[in-house]
Amino acid sequence: MALQGVRIHITGIVQGVGFRPFVYAAADRLGLKGWVRNTSAGVDIEVDGTQEQLESFIGTLQKQAPPLSRIDSFNIDWIPTNNFTSFEIIHSEGKSGDFIPISPDVSICTDCLAEMFDPNDRRYRYPFINCTNCGPRFTIIKDIPYDRPKTTMGSFEMCPACQAEYDDPLDRRFHAQPVACPECGPLVWLEACNGQSRAIAHQDSAIHAARASLAAGKILAIKGLGGFHLACDATNLQAVDRLRTKKLRVDKPFALMMPNMETVVEHCFASPAEKEQLHSRQRPIVLLKKRPGSPLAEQVAPGQTTFGVMLPYTPLHHLLLEPEPGIPGCLVMTSGNLSEEPIATGNDEARQRLADLADEFLLHDRDIHIRCDDSVLRVFESGIEKGSSPNQGQPSSQYPLRRARGYAPDPVQLPWKMPPLLAVGPELKNTFCLTRDQYAFISHHIGDLENYETLRAFEEGIDHYERLFRIKPRAFAYDLHPDYLATRYVLERSQHESLPSVAVQHHHAHLASCLAENQHPGDRPVIGLSLDGTGYGEDGAIWGGEVLLGDYQVYQRLYHLAYVPLPGGDLAVREPWRTALAHLHQAAIPWEADLPPVSYAQALTTIGRHPLDILQQQLNTGFNAPPTSSMGRLFDAAAALLGIRQTVNYEAQAAIELEFLVDETETGVYPFEISNQVLHPAPLLEAMIKDLRRGITRSVIAARFHNTMADLMLRICHRIQAESDINEVALSGGVWQNMTLLEKMVTKLMEDGFIIYLHHQVPANDGGISLGQAAVALHKLNL
Ligand SMILES: [Zn+2]
Ligand SMILES: [Zn+2]
């Protein structure tokens with residue numbers, strides 16, 4: 001039979017995921033001769049065989065690729081035979097400037113897990129077991145191509161047994177860069193927090209000692225994959241309380257790690273889609289509804305109806321949480337930091353920064369090159385048919401709240417080819433975004449750019465991504481706000497490098513972000529319900545309740561919430577009673593003592609002028625009371641009015657607690673005034689107060705408030721549709737983390753035939769802003 005040749009070029013996530021051994025094994029099975037090699041742009045293959053063999057080979061490559069790989073392009077050239085005599089994996093070829101995507105970190109695979117608990121395996125109970133299908137990636141990579149010397153495993157020399165596995169194309173650990181064993185790899189030890197940095201237990205005894213300490217109620221700082229966790233027994237009220245006090249975290253919920261699904265369903269309700277997310281190789285924290293009667297300490301998530309839960313994702317976690325009587329079956333695992341600082345990653349850094357927070361350190365000597373927090377998501381099963389909202393094969397129920405470990409640095413694929421751009425994102429929940437070809441590399445969650453440590457993490461992160469993905473930006477995008485640290489970073493850089501930069505309005509970026517991740521071509525305007533707490537407006541006011549009509553390039557602000565003065569600025573964000581009184585003032589509703597924010601304010605005692613007098617003056621003069629159309633603040637005002645919260649301890653706490661009260665069976669709606677494209681909440685507030693005075697329950701009022709918001713937005717969408725015939729709606733902004741509102745909104749819009757775009761890959765909150773900035777910059781600049 002006549003032989004011929006074929007040359008195949010594959011791009012995507014095809015390195016460090018066992019792709020070459022897979023190609024080798026496929027060729028071996030079919031008796032094909034030739035070679036495979038990594039290049040800096042993907043994988044190249046050349047083989048000889050019969051037409052039938054080659055077609056079967058191509059089919060195998062396309063359909064049975066390894067679980068962690070992702071093929072983005074697959075090019076085939078038929079060529080004359082080369083008369084190869086064997087099949088080989090040949091040396092990598094690098095071209096400067098080329099790049100390949102890098103795999104995120106991956107939770108331990110079932111094969112490695114089985115080996116770790118097999119007493120006859122040489123890696124029995126070894127907490128750093130991994131293979132080409134699992135283990136650390138992004139957090140240990142210093143540069144590309146992805147080879148061991150360019151990772152933090154470079155300092156560990158492989159023993160002969162590991163080397164043999166590493167060199168064998170048919171082994172699961174062929175070219176698994178982090179491969180290691182107890183003979184040659186990283187080790188774990190336990191230290192007391194006494195400033196002496198001396199190990200009190202090593203290896204397996206360290207793990208047993210750590211478990212015993214957790215059982216005894218101690219707080220442990222545990223070095224993980226992308227940073228440190230602070231851990232304690234989640235059923236131990238005292239331990240949880242102590243952790244809360246030490247972390248200066250009053251009542252923001254803590255994440256939990258549970259050993260298995262049986263434990264999860266003991267404490268929470270979990271739908272099949274939620275279980276799928278928990279079990280996914282990204283192993284995010286998934287927010288699940290609490291099961292009444294769960295014995296977990298109320299202090300884990302005070303005032304919440306949900307728990308943030310994750311399953312173990314590293315071998316070390318599995319060893320720590322291995323079920324055994326007397327050992328905690330559920331751990332608080334919160335990020336290892338004080339309040340809002342970035343999480344600690346280095347041993348010495350942890351010894352310094354976490355010494356006052358933890359009793360003991362469980363450390364290891366595999367360095368973390370880049371910090372990466374746990375990702376957080378919810379499941380939203382909207383009933384939207386797959387295909388109406390394309391999301392690249394990801395489960396459409398995925399609704400990210402924080403995108404980091406397991407997802408970053410996977411790029412979002414865009415509907416266009418991008419020049420190299422850097423979008424620096426917002427001030428809070430910062431991520432940045434670098435683009436290249438059809439990819440948007442959105443960084444892991446960086447945090448709030450309010451302190452020096454976070455700013456440094458932001459700058460180092462940008463350097464790292466530019467190097468890893470060989471991106472030299474030709475332009476910059478940034479937020480319109482003149483005082484943001486990220487804005488200053490861009491302005492300095494664009495001047496220094498003589499490159500153009502473009503300022504993007506916050507809510508336009510929200511709309512563009514939602515469109516971009518849904519691969520909207522941008523050839524027609526879409527209705528953007530950009531609802532959130534804060535974003536700098538074109539007129540200098542604080543925007544947040546914005547109905548836009550726009551594409552990537554331009555937008556019109558069609559409707560917005562009426563401006564109210566925000567007395568005290570940021571102070572009002574922390575103290576919703578202030579916003580409530582401002583809203584009452586604006587609506588000409590008297591401050592009567594039976595209204596909870598009024599009575600709260602009257603009861604405040606101070607040495608100087610009474611806060612109510614100061615507030616009154618701020619409202620009268622507008623001094624230190626910037627105008628805002630924020631939807632988040634309207635939720636705050638409603639929560640304060642119902643007496644739910646007059647002050648908050650973390651962002652959006654009042655709105656979250658208002659949502660939890662909602663009576664799901666209630667269908668009533670309050671009036672809302674729309675005049676000259678401005679939305680006035682006065683009739684809503686009057687109706688709420690009337691209900692409150694009539695003794696209607698807060699659950700019913702909270703439900704009616706939510707119904708009103710969904711109803712208002714639906715009415716506006718209908719108005720726009722009537723005027724412009726546009727029936728596509730994008731939902732973006734932090735307010736859409738409110739699942740009750742989202743559910744109501746999506747149901748109504750679907751019933752009325754609107755096409756809906758939701759976030760599935762990046763958060764609806766400000767964590768998705770950088771993607772939108774990049775999309776807008778591309779369309780505004782002529783590059
Ligand atoms: Zn594995
Ligand atoms: Zn070894």
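For the structure itself, look to the data block above.
What you are looking at is a predicted structure, and each value in this text was computed from that prediction instead of being measured. (Residues numbered from 1 in each chain as written. Chains lettered and ligands numbered in written order. Predicted model: local features only at pLDDT ≥ 70, side-chain atom pairs only at ≥ 80, totals over all residues. Heavy atoms only, no water.)

Caption draft 1: Spotlight on the overall build of the protein. From N to C terminus, the protein includes 23 helices and 30 strands. Here the C-alpha atoms of the protein give a radius of gyration of 28 Å, agreeing with the 28 Å that 2.2 N^0.38 yields for 783 residues. Buried residues in the protein amount to 62% of all 783 residues. Within the protein, counting contacts between residues at least 6 apart in sequence, those at least 24 apart form 73% of the total. Carbon and sulfur atoms make up 49% of the accessible area of the protein, which totals about 29300 Å². In the protein, the 69 positive side-chain charges and the 93 negative ones have mean positions that sit 2 Å from each other. (Helix = DSSP H or I, 4+ residues; strand = E, 2+ residues; numbered from the N terminus. Rg over C-alpha atoms; globule rule 2.2 N^0.38 Å. Buried < 20%, exposed > 50% of the residue type's maximum accessible area, 1.4 Å probe, protein only. Contact = heavy atoms within 4.5 Å. Areas by Shrake-Rupley, 256 points an atom, 1.4 Å probe, with all protein chains shown as cover. Lys, Arg positive; Asp, Glu negative; His and termini not counted. Charge placed at Lys NZ, Arg CZ, Asp CG, Glu CD.)

Caption draft 2: Representation of the coordination of the zinc ion (ligand 1) within the structure. Each protein donor to the zinc ion (ligand 1) is listed here as Cys109 (SG), Cys112 (SG), Cys131 (SG) and Cys134 (SG); together their distances run 2.2 to 2.4 Å. Angles of 105 to 119 degrees at the metal separate the four donor atoms of the zinc ion (ligand 1), which places the site in the tetrahedral class. Counting gaps between the donor residues of the zinc ion (ligand 1) yields the pattern C-x2-C-x18-C-x2-C. Residue Cys109 is found in the loop between β5 (87-89) and α3 (110-116), and its partner Cys134 is found in the loop between α3 and α4 (160-167); the two are separated by 25 residues along the sequence. Per residue, the accessibility class of Cys109 equals that of Cys134, and both read buried. (Donors = N, O, S within 2.8 Å, 3.2 Å for Na, K, Ca; no water. Tetrahedral: all angles 85-135°; square planar, octahedral: opposite > 155°, others 65-115°.)

Caption draft 3: Broad picture of the packing of helix α15 (residues 576-586) against helix α18 (residues 631-641). α18 packs onto α15 with a crossing angle of 95 degrees between their chain directions and a minimal axis gap of 8 Å. The orientation of α15 with respect to α18, classified from their angle, is roughly perpendicular. Counting all contacts with α15, which are made through Pro576, Trp577, Thr579, Ala580, His583 and Leu584, the residues of α18 involved are Arg633, Leu634, Asp636, Ala637, Ala640 and Leu641. For the contact of α15 with α18, a count of residues per class yields eight nonpolar, two polar and two charged. (Axes fitted to C-alpha atoms, helices over the stretch in contact; angles between N-to-C directions. Parallel < 35°, antiparallel > 145°, perpendicular 65-115°, else oblique. Nonpolar A, V, L, I, M, F, W, Y, C, P; charged D, E, K, R; others polar.)

Caption draft 4: Here's a closer look at the coordination of the zinc ion (ligand 2). Protein-derived ligands of the zinc ion (ligand 2) are Cys159 (SG), Cys162 (SG), Cys181 (SG) and Cys184 (SG), with the metal-ligand distances lying across 2.2 to 2.3 Å. Each donor residue of the zinc ion (ligand 2) lies on the same chain, and together they follow the pattern C-x2-C-x18-C-x2-C. Of this pair, Cys162 sits in helix α4 while Cys184 is found in the loop between α4 and β6 (188-192), placing the two residues 22 residues apart along the sequence. Across the pair, exposure class does not vary: Cys162 and Cys184 are buried alike.

Caption draft 5: Structural view of the layout of surface pockets. Estimates place the volume of the second largest pocket at around 810 Å³. What lines the second largest pocket is a set of 26 residues, among which Glu659, Glu664, Met739, Thr740 and Glu743 lie closest to the centre. Mapped onto the lining of the second largest pocket, the elements with two or more residues apiece are β12 (285-290), β16 (376-379), α19 (653-661) and α22 (739-751). Considering only residue class, the lining of the second largest pocket consists of ten nonpolar, six polar and ten charged. (1 Å grid on protein atoms, 1.4 Å probe; cavity = no way out; pocket = protein on both sides within 12 Å on 5 of 7 lines; lining within 4 Å. Points joined across faces, edges and corners; volume = space filled by probe spheres on them.)

Caption draft 6: Local environment of the packing of aromatic side chains. Across all of its chains, the model carries 14 aromatic pairs by this definition. Seen from their ring centres, Phe441 and Phe469 are 4.0 Å apart, and the 15 degrees between their planes marks the pair as stacked. Pair noted here: Phe441 is in strand β19 (residues 433-442) and Phe469 is in the loop between α11 (452-468) and β20 (475-479), with a separation of 28 residues, a long-range link. Here the two residues Phe441 and Phe469 agree in accessibility, since each one is buried. Each member of the aromatic cluster is reached from another via a ring pair, and the members are Phe138, Phe432, Tyr439, Phe441, Phe458, Tyr465, Phe469 and Tyr489. Seen from the ring of Trp543, Arg557 lies directly overhead, with NZ or CZ sitting 3.7 Å from the centre. (Phe/Tyr/Trp six-rings, centres within 6.5 Å; stacked < 30°, edge-to-face > 60°. Lys NZ or Arg CZ within 6 Å of the ring centre and 35° of its normal.)

Caption draft 7: Representation of the packing of helix α1 (residues 19-30) against helix α2 (residues 51-63) in the model. α2 packs onto α1 with a crossing angle of 150 degrees between their chain directions and a minimal axis gap of 10 Å. On the basis of their axis angle, the class for α1 and α2 is roughly antiparallel. The chirality of how α1 crosses α2 is right-handed. On α2, the residues touching Phe22, Val23, Ala26, Ala27, Arg29 and Leu30 of α1 are Gln53, Ser56, Phe57, Thr60 and Leu61. Taken together, the residues of the contact of α1 with α2 break down into seven nonpolar, three polar and one charged. (Left-handed = near helix turned anticlockwise from the far one by under 90°.)

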